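Each chain, written out:
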Amino acid sequence: MAHGSARSSSDRGELRVSSFHPHWKRLAGPFLALLLIVAASGAGIYFVPGEWEYSLYARLAIAVVAVILLTIWSFVPYLKWKNTAYVLTTHRFTISSGVLNKSTDEIPMTKVNTVSSDQTVLERILGCGTLTVESAGERGQIALRDIPKIQEVRAQLFRLVEDASDGDIDGR
């Protein structure tokens, strides 16, 4: 049995190589939305005239709208990011996502035909990119956006595919 970060799965000899979430850049927009909504709603509440008869209702309305916008533009995207996970084992590549409804795709290493990556200039600076996995299964090709440490993940996946095709699945 391997020590360190690798864990045994219920399948005989299957070891977890790595697991990760999408790159943090996915949270940049929701974080900016959070800052803007908090600043705008704070300013709106502050500038509502205090002597106005309906000032309490106006402030409550601003707060309610702010909470709704924060939920839609910040909290939900964060939950989607947090609940998207990629797990790379010696036998399969698992992609799971979903907050209320869970969706899981598993690609056996023996079915993977091609592994490629694409990066824009910004993604190269941030160290992330799009990983494309082509398999002999039903789905054919899956493009996974915002994969962190894209070159490292691509190399690991390629090595695992090579090991699976050589019959060296257990890492021996």
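Everything quoted here is computed from the prediction, not taken from an experiment.

**Examining the sheet that holds strand S2 (residues 85-89)**
Spatially, the 4 strands line up as an open sheet ordered S1-S2-S3-S4, and their pairing is antiparallel. Edge strands, defined here as strands with exactly one partner in the open sheet, are strand S1 (16-20) and strand S4 (103-108). Ignoring which end each strand starts from, the neighbouring axes of this sheet average 10 degrees apart. Two elements, S1 and S2, share 4 bridges in a ladder whose sense is antiparallel. By the bridge assignment for S2, Ser18 is matched with Leu88.

**Observations regarding helix H2 (residues 55-82)**
The end-to-end C-alpha separation of H2 is 38 Å, in line with the 40 Å expected for 28 residues at 1.5 Å each. A bend of about 40 degrees at Thr71 is the largest found in H2. Residues of H2 that are buried: Ser55, Ala58, Ala66, Ser74 and Trp81. Among the structural elements, helix H1 (28-47) are those in contact with the buried residues of H2.

Cut-offs applied
Residues numbered from 1 in each chain as written. Predicted model: local features only at pLDDT ≥ 70, side-chain atom pairs only at ≥ 80, totals over all residues. Heavy atoms only, no water. Pairing = 2+ DSSP bridges. Helix = DSSP H or I, 4+ residues; strand = E, 2+ residues; numbered from the N terminus. Axes fitted to C-alpha atoms, helices over the stretch in contact; angles between N-to-C directions. Expected span 1.5 Å × (residues − 1). Bend = angle between axes of the 7 residues up to and from the residue. Buried < 20%, exposed > 50% of the residue type's maximum accessible area, 1.4 Å probe, protein only. Contact = heavy atoms within 4.5 Å.

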